[in-house]
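The lines below spell out each chain.
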Amino acid sequence: APIYTRGESQAPQYRDSPFAVLFIAHLGALIFFAVKYIPAFLKEASETYSSQDNHDDYVNLTFEALSDKDKALMLALPTISGFVLSGLGLSVLIAFSKQFIHLSLMLGVAIPTVLFSFFLWGQQFPGAIFMGIFALMNAAYYYCLRNRIDFAAANLAVASSVVKSNLVGLLSTTLLFSIMSLIYGIVWSTTIAGYQYSNSSNEDGSSYESNPNKVVDIAMIFSIIWSLQVFGNLGAVTTAGTVGKWWFEAEGSDSRSGCCGDACDAAKRSMTTSFGSICFGSLLVAIIRTLEQIAESAKNDNDGEILLCLVSCILGCIGDILEYFNKWAYVYVGLYGYSYIDAGKNVVTLFKARGFSSVITDNLASRAISIFALVLSIVGGSFGLIYAKVSSVDLGLDPAGNAVVIFL
C-alpha cells in the first residue's frame, strides 16, 4: 500500500502566478463593461422609479423608517449576538463533539422515518418506500461507523479549539471575503442589467425585443462562477493556514499580528503567494460548472432530450467531485504553501494510503457542524423574534418576518 508522509512547508514564493494574472485580467474586463453599462442600468432604474405614481404602496424596508436607536440596535445586535453565540457555541461543540455527531446521525435516521410514517398514513406508497429505504441506509451507515465516531469527535474538538482561539481573526477574514463576494455580485448583476437594457432600447428610449448574445451570456456565467469560487476558497485556504500555524507552532507563535492573530497572516498568504493556486483550482470548477449550465440550457430548449440530460448529470457529478477534491487540495495549499498541482498529488497519495477513512471522518464532522449551525440559527432567530416582539420596530412584516430581517 502507498505510504503517506506528511507534507513539508514550502519556501514563500508566488505559485501558479499565470492563473492569478488571468483572474485579475478577467476582473479588469468586468470593470470595463461595468463602467460602460452600469450607467444604462441606473438610467432605467431611475425612469422606472419616477414612473411610479405612489411609492408609499411599497413596503419600506430602508432605515429611513426607523429611529436612530433602532438603527443602532439593528446593526449592533446581529454582530454582538453572532460573536457571543459563536464563542459559546464553540465551547459547547468542543465539550460535546461526540454527542453532536451522534445527534446528526440519529436525525439522519429519524427524519426519513417520520416522513415515511406521513407518506404511509397518506397512502403515498412510492414516497413511503423511498423514505423507508433512505432511513434504512442511514441506519446502516450509523451502525457501520459507530467505531469511528470517537476519532471523528476528537478531530472535531481540535478543529473547534483552533477556531475558538482565532475567532476574531477568522470572523474578520470571513466577513472580508463575504463583502468582496457581495460587491462583485452587485457589480456583476448591474452590469448584466445595463447590458440587456442597452441592447433592447433605441436612442429615443423605446424598447424592442433583442436576441440574446449567447457568447456574452456564457462569459458572464463563467465569470460569476469563477469569482465566487475564488472568494469562497480564499476563506478555505485562510482557515487551513490558521490551523497549520496553531498546530505546528503550539497554538501560534509570538509573531501574531494584532487582534487577528494567525488568521490575518494566513489571509495575507492566501491573497498573495497562494492566490494563483486558488485561482487555478477555482478555474477548473468554473469550466465544468459553466459547461453544466450550457447543457442545462440546451436541455430546456430541447424539451429535456435524453442525451442532454445525461451530459448535464455527468458534468454535475464531475463538478461535485472536483469541488470536494479542491476542498482537500486547498488544505495542503493553506498548510504548506504547495502549488495546486503538488497539493493535488498529495491528496491522491493521502486517499491511496488512507482509503475512505479521511472521507468518512470529514463526513461525520461535517454532519455535526451542520447541526451546530442549525442550533445557532434557531437561537439567533429566537433573539430576533424576542426583540421584534418587545420593540417598536415594524418593517411591515409579521413578527417572524421582522426577526428574519433584523438578524439577516
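Here, the structure is the one placed above.
All values derive from a computational prediction rather than experimental measurement.

(A) Region of the structure containing the overall build of the chain. Of the regular secondary structure elements, the chain holds 13 helices and 0 strands. Taken from N to C terminus, the helices and strands of the chain fall in the order α-α-α-α-α-α-α-α-α-α-α-α-α. Counting all 408 residues of the chain, 36% fall into the buried class. Summarising the internal contacts of the chain: among those between residues at least 6 apart in sequence, 75% fall at separations of at least 24.

(B) Quick peek at the pattern of salt bridges. Enumeration over the complete set of coordinates arrives at 5 salt bridges. A salt bridge links K98 to D150; the shortest N-O distance between them is 3.0 Å. Of the two residues, K98 sits in helix α3 (residues 97-121) while D150 sits in helix α5 (residues 149-165), which places them 52 residues apart along the sequence. Overall, the relative accessible area of 35% leaves K98 in the partly exposed class. D150 sits in the partly exposed class, given a relative accessible area of 45%. The partner of R289 in a salt bridge is E292, and the shortest N-O contact between them spans 2.9 Å. With R289 and E292 both in helix α9 (residues 275-301) and 3 residues apart, the pair spans about one turn of that helix. Taking the relative accessible area as the measure of exposure, R289 reaches 14% and is therefore buried.

(C) Examining the environment of N326 more closely. Here N326 lies in helix α10 (residues 306-336). Between the C-alpha atoms of N326 and G281, which are 45 residues apart in sequence, the distance is 6.6 Å. Look past the residues within four positions of N326 in its chain and what remains in contact with it is G281, S282, V285 and Y340.

(D) A look at the packing of helix α7 (residues 214-248) against α10. At a minimum axis distance of 7 Å, the contact between α7 and α10 shows a crossing angle of 45°. Judged by the angle between their axes, α7 and α10 are oblique. Every pair of crossing elements has a handedness; the one defined by α7 and α10 is right-handed. Facing α7, whose interface residues are Q229, N233, V237, A240, G241, V243, G244 and F248, α10 presents E323, Y330, V331, V333, G334, L335 and Y336. Here the residues of the contact of α7 with α10 sort into 9 nonpolar, 5 polar and 1 charged.

Rules behind the numbers
Residues numbered from 1 in each chain as written. Predicted model: local features only at pLDDT ≥ 70, side-chain atom pairs only at ≥ 80, totals over all residues. Heavy atoms only, no water. Helix = DSSP H or I, 4+ residues; strand = E, 2+ residues; numbered from the N terminus. Buried < 20%, exposed > 50% of the residue type's maximum accessible area, 1.4 Å probe, protein only. Contact = heavy atoms within 4.5 Å. Salt bridge = Lys/Arg side-chain N within 4 Å of Asp/Glu carboxyl O. Axes fitted to C-alpha atoms, helices over the stretch in contact; angles between N-to-C directions. Parallel < 35°, antiparallel > 145°, perpendicular 65-115°, else oblique. Left-handed = near helix turned anticlockwise from the far one by under 90°. Nonpolar A, V, L, I, M, F, W, Y, C, P; charged D, E, K, R; others polar.

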